[in-house]
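Inside the fold
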Amino acid sequence: LTVMPFQRANRLDLLIGALAMLRDRGVSFAAFLMGEGPREESLRALVRAKNLHACVTFANITIGAGELMQGADVLVMPAPIEHVSIRILQALAAGMAVVCVPSPVNDRLRDGETCFISREETPAALAAALEGVLSDREGARRIAEAGLRHVREHHTVSAMAERTAATYVKLRSKQAAPSSAAVAHLSARLLAGRDAYAPAMEEIERARGLRGPRAAL
């Protein structure tokens, strides 16, 4: 499973290339590409060109990532991660194994301990990482469980919201930390995994009188 906008920067073409290699090696899988965006048609064409239509499904984002994660085994992030990924935390919390490419930000995830990181940002390297997960289900399960413990110890929603809100307000103001109600509101949005982080922070600021209507920082 992958959940991200269909944009060039997200390197879904790299993932499709890796899936074609797995198919050619006789590895059995069912892949779901969940999202939407300007590259959807070209990605669909690439899937057809590589004759992957029988094992790759494009899923509309309205289905809900949480629902698909409950039935999926692996989350794949084929592009370098430039910020802490809520999707990765959701996947680990759901007990999924996570496969990603080398990234400057990996949220303290450790290759072979809490996730699987490919050696390079190439289809071949990503295919090798995926094959390792799919061929050793027991090992993947142990690492997924370690990832789940990592989330429970370091990334509960309330703790994330409190740290984020406190740090943000500290940088923007000398006033006290935001109210518990504001933190709870942001926590609920983070738990839902919505793309509403910025609006939620704006609501906290407006409630504290730090800013008016939306404006550039």
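That block above? That's the structure.
Everything numeric here is computed off the predicted structure, so don't read it as measured data. (Residues numbered from 1 in each chain as written. Predicted model: local features only at pLDDT ≥ 70, side-chain atom pairs only at ≥ 80, totals over all residues. Heavy atoms only, no water.)

1. Describing the overall build of the protein chain
On a plain count of helices and strands, the protein chain comes out with nine helices and six strands. With 217 residues in all, the protein chain has 44% of them scored as buried. By sequence separation, contacts in the protein chain at least 24 residues apart represent 64% of the contacts at least 6 residues apart. About 11600 Å² of surface is accessible on the protein chain, with carbon and sulfur atoms providing 52% of the total. (Helix = DSSP H or I, 4+ residues; strand = E, 2+ residues; numbered from the N terminus. Buried < 20%, exposed > 50% of the residue type's maximum accessible area, 1.4 Å probe, protein only. Contact = heavy atoms within 4.5 Å. Areas by Shrake-Rupley, 256 points an atom, 1.4 Å probe, with all protein chains shown as cover.)

2. Description of the sheet that holds strand S2 (residues 31–34)
If you trace the three strands from one edge of the open sheet to the other, you get S1-S2-S3, paired in parallel fashion. The sheet is open, and its two borders are formed by strand S1 (2–3) and strand S3 (56–59), each paired with just one other strand. For S2 and S3, the ladder comprises four bridges, and the chain directions are parallel. The partner of Met-34 across the bridge, within S3, is Ala-59. The strands that helix H1 (residues 12–24) touches are S1, S2 and S3; relative to S2, the one it contacts most, it runs at about 170°. (Pairing = 2+ DSSP bridges. Axes fitted to C-alpha atoms, helices over the stretch in contact; angles between N-to-C directions.)

3. Notes on the pattern of salt bridges
A complete count under the given rule lists five salt bridges for this structure. Between Arg-23 and Asp-24 there is a salt bridge, and its shortest N-O distance comes to 2.7 Å. The class of Arg-23 is partly exposed, set by a relative accessible area of 27%. Using a relative accessible area of 58% as the deciding quantity, one classes Asp-24 as exposed. (Salt bridge = Lys/Arg side-chain N within 4 Å of Asp/Glu carboxyl O.)

4. Some thoughts on the pairing of S2
With two bridges joining them, S1 and S2 adopt parallel strand pairing. By the bridge assignment, Thr-2 is partnered in S2 with Leu-33. On the question of chirality, the crossover connecting S1 to the parallel S2 by way of H1 is right-handed. (Right-handed = clockwise from strand over helix to strand, strands pointing away.)

5. Some details on the packing of aromatic side chains
As enumerated under the stated definition, the model contains one aromatic pair in all. A centroid spacing of 5.8 Å and a plane angle of 85° characterise the contact between Phe-6 and Phe-58, whose relative ring orientation is edge-to-face. One end of the pair, Phe-6, is in the loop between S1 and H1; the other, Phe-58, is in strand S3, and 52 residues separate them in sequence. Under the relative-accessibility criterion, Phe-58 is labelled buried at 16%. (Phe/Tyr/Trp six-rings, centres within 6.5 Å; stacked < 30°, edge-to-face > 60°.)

Without other data, these values stay purely geometric and don't point to any function.
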